[in-house]
Amino acid sequence: MVNWDPKALTALSTEEVIYKEEQSHLFHLKYYVADLEVLDNLEALEAEGNIIHKDEKGYYAVVATTRPETIMGDTAMCINPKDPKNQWLKGRKVIVPLVNRVIPVIEDRYVDIEFGTGCLKVTPAHDTNDYMLGKTHNLETIDIFNADGTISEQSPLYVGMDRMDCRKQIAKDLQEAGLMEKIEDYVNKVGYSERNPDTAIEPRLSLQWFLKMKHFADIALPPVMNDELKFYPAKYKNTYKNWLENIQDWCISRQLWWGHRIPAYYYNENDDYVVAETREEALKLAQQKDPKITDADLRQDEDALDTWFSSWLWPISLFDGINNPGNEEIKYYYPTSDLVTGPDIIFFWVARMIMAGYEYIGNMPFKNVYFTGIVRDKLGRKMSKSLGNSPDPIELIEKFGADGVRMGMMLSAPAGNDILFDEALCEQGRNFNNKIWNAFRLVKGWKVADIEQSETGKIATAWFEAKLRQTNAEVDDLFKKYRISEALMAVYKLFWDEFSSWYLEMVKPAYINGEAQPIDKATYDKTLEFFEILLKMLHPFMPFITLAAQIESVKQIVSGVRMVRSSKNIAPKEQLELQTVGSNNFETFNSIIAKMANLSAINVVAEKDATASAFMVGTDEFAVPLGNMIDVEAEIAKMEAQLQHLEGFLAGVKKKLSNERFVANAPEAVVALERKKQSDSEEKIAALKESIAALKG
């Protein structure tokens, strides 16, 4: 007895059946007693608690069912031997309504005395529990359904009709024939195919391949319960435990035209078979049983293995551990560290990978399993292509940005908890992205001066440095506990509340007479350092905005080297060395910088080379040593000319900014541009003076 999908025409495992609560009907049918015309002791039986139904046609028992279309396959009616209300039916025979088949009344304690009338129709071919009763009581099995869910020729009625159409028609016919006692509204759970969510599964007798699972459950349960292999959140340990302790054998065959084919080969008309890895091996095994067998006699089973049967080997087959056991890759990588997946496939995949790992390798496939939440729509339904309730991710990205979508979803997704999707989540993520960009623009727009650090700057930077250390420790702890959304929330609050709302307000330069005052270099440098650390903390959650900022800086570094080449007439094919002064905050991108700028090396130095041509990217200083590639005297003269030009340019900018009417009346963007010109000129002048001094020795 298997779960059958009449639409896909294939068997399903128990885990592939999705149960949905439905508003249905309970049909109360009359099963007339076949071998009884009159009860002489009627009053005495009723006094003993028997409930006896009678009308002008005779005595009858009432059977309640949600599936009247299956009565064509009834081969018995069952009562509980301890049920006082149905003692009068013991040893009797009854007539299946409409079908007029006479069937025995059997007794079994399986029947629930308290449910309905206590009388159960037994249809061994179309109900798992009825099938077991049929085996116990040696009942006939009548399969009234074809594979596609239509009524088969074994049925005396409604042949060829779809099962659901038949349900409506037979209910109508039973009422017209006076065989329906009553119809009640009834809420019950109906199993649907995971492959086809609109198709109710059908219990069906079918020859299938099964895998005994008791052994696998025994080896896979202890490691999880003992926390050798950890689940996050731990609540799923109980779900895992309940399934393994009540595990059923696994139906591993599927009637599909794709997948790994069942490696079973039939070799005669009796369907005797051998199981082998290859056809050649199968032939040898078959010939051991009958030497006359040839390759032409072999017929491989047409069924394919359940997809999950292939998938449970994934951690092993990924490193060719099945075909090449103990190879160097699997010895190095197995077991892996973390598996991130949804709790809806804990039985399909997670548990089975653990089973396969211990069975075939002797060790766990991974050390930790992190269960994400399931994204659902506003009605609580799991998002799926078949329901058409899933938003287009590309459209979401175009509207809110990739980081906005990622960040908004993660903020609302505590481990293992479902998410009711709303575009407002993505909008929240986009707003945070905008906050980052706006904060960056604000800081980069400040005028910087080489003046003594203010007391406010000292206090603010010391406080935020401590806050950074505290939050970093908190985030590190949350990562270790796999509390990803909480880690993101901690960084989110640090950036939005502490950094943007408090720190930047503390250190923001004041305006005096409508003119922004400069910020001291020490506080400014520290602010940019904080900004960079915050971006690194956000990078695991928001890789695009944080990576984008770094790549922009990388582009400026490459452009700086190319500018040196151009100004010094150095050929593009000639390799140069790049020095980073103090530290290299872009070491991750060394390979890109070296390739794009044609560098032989990138070195960190305490002081740049005396012959180097220097440039700044943000607060980071870079230098290209030129050695004998330049004429020192000519270079000094050239730099001094540049210095003179810049000093004149700076004087003009300062004069314009000292004009109160200009500052007060010019558009803010124009004033901001002039201040940036001043800041850039001052940086270039300082760098030129340093370079000239170095060349002069």
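Basis of the calculations
All chains use their own residue numbering, which begins from 1 and follows the written sequence. Only residues with pLDDT of 70 or above have their local features reported here, since the model is predicted, and side-chain atom pairs are shown and tallied only from 80 upward, although totals for entire chains, interfaces and linings are computed over all residues. In computing side-chain values, all of the structure's heavy atoms are included and hydrogens and water are not. To qualify as a helix, a DSSP run of H or I must reach at least 4 residues; to qualify as a strand, a run of E must reach at least 2; elements of each kind are numbered from the N terminus. A helix is expected to span 1.5 Å multiplied by its residue count minus one. Note on classification: 1.4 Å probe, protein chains only; a residue is buried when its accessible area is under 20% of the maximum for its type, exposed when over 50%, partly exposed between these limits. In what follows, salt bridge is the name for a side-chain nitrogen of Lys or Arg lying within 4 Å of a carboxyl oxygen of Asp or Glu. We call a set of buried residues a nonpolar core when its members are Ala, Val, Leu, Ile, Met, Phe, Trp, Tyr or Cys and they connect through side-chain atoms within 4.5 Å of each other. Contacts were defined at the residue level, with two residues in contact if any of their heavy atoms lie within 4.5 Å.

## A word on helix H19 (residues 632-657)
- Relative to the 38 Å expected for 26 residues at 1.5 Å per residue, H19 spans 37 Å between its end C-alpha atoms, a close match to the ideal helical length.
- Along H19, the positions that sit buried rather than exposed are Glu635, Ile636, Met639, Leu643, Leu646, Leu650, Val653 and Leu657.

## Quick word on the pattern of salt bridges
- Applying the stated criterion across every chain, the model contains 39 salt bridges.
- A salt bridge links Asp476 to Lys480; the shortest N-O distance between them is 3.4 Å. Taken together, the residues span about one helical turn, with Asp476 and Lys480 both in helix H14 (residues 455-480) at a distance of 4 residues.
- A salt bridge links Asp525 to Lys521; the nearest nitrogen and oxygen atoms lie 2.9 Å apart. Linking Asp525 with Lys521, this pair stays in helix H16 (residues 521-538), spanning 4 residues, or about one helical turn.
- Residue class for Lys521 comes out partly exposed when judged on its relative accessible area of 39%.
- Among the charged side chains, a network of salt bridges with common partners joins Arg67, Glu69, Arg163, Arg167 and Glu202.

## Focus: the nonpolar core
- Core analysis: the biggest nonpolar cluster contains 40 residues, and Phe231, Tyr240, Leu244, Ile354 and Met355 have the highest contact counts within it.
- For this core, the secondary-structure elements that each account for two or more residues are helix H4 (214-225), helix H5 (236-245), strand E16 (264-266), helix H7 (307-311), helix H10 (346-361) and strand E21 (366-371).
- Here this core takes 10 residues from H10, the largest share from any one element.
- Leave out the neighbours within four places in its chain, and Phe231 touches Val224, Tyr236, Lys237, Tyr240, Ile346, Val350, Ile354, Val369 and Phe371.
- Counting residues in hydrophobic clusters, the runner-up holds 37 residues, among them Phe27, Val63, Trp88 and Leu179.

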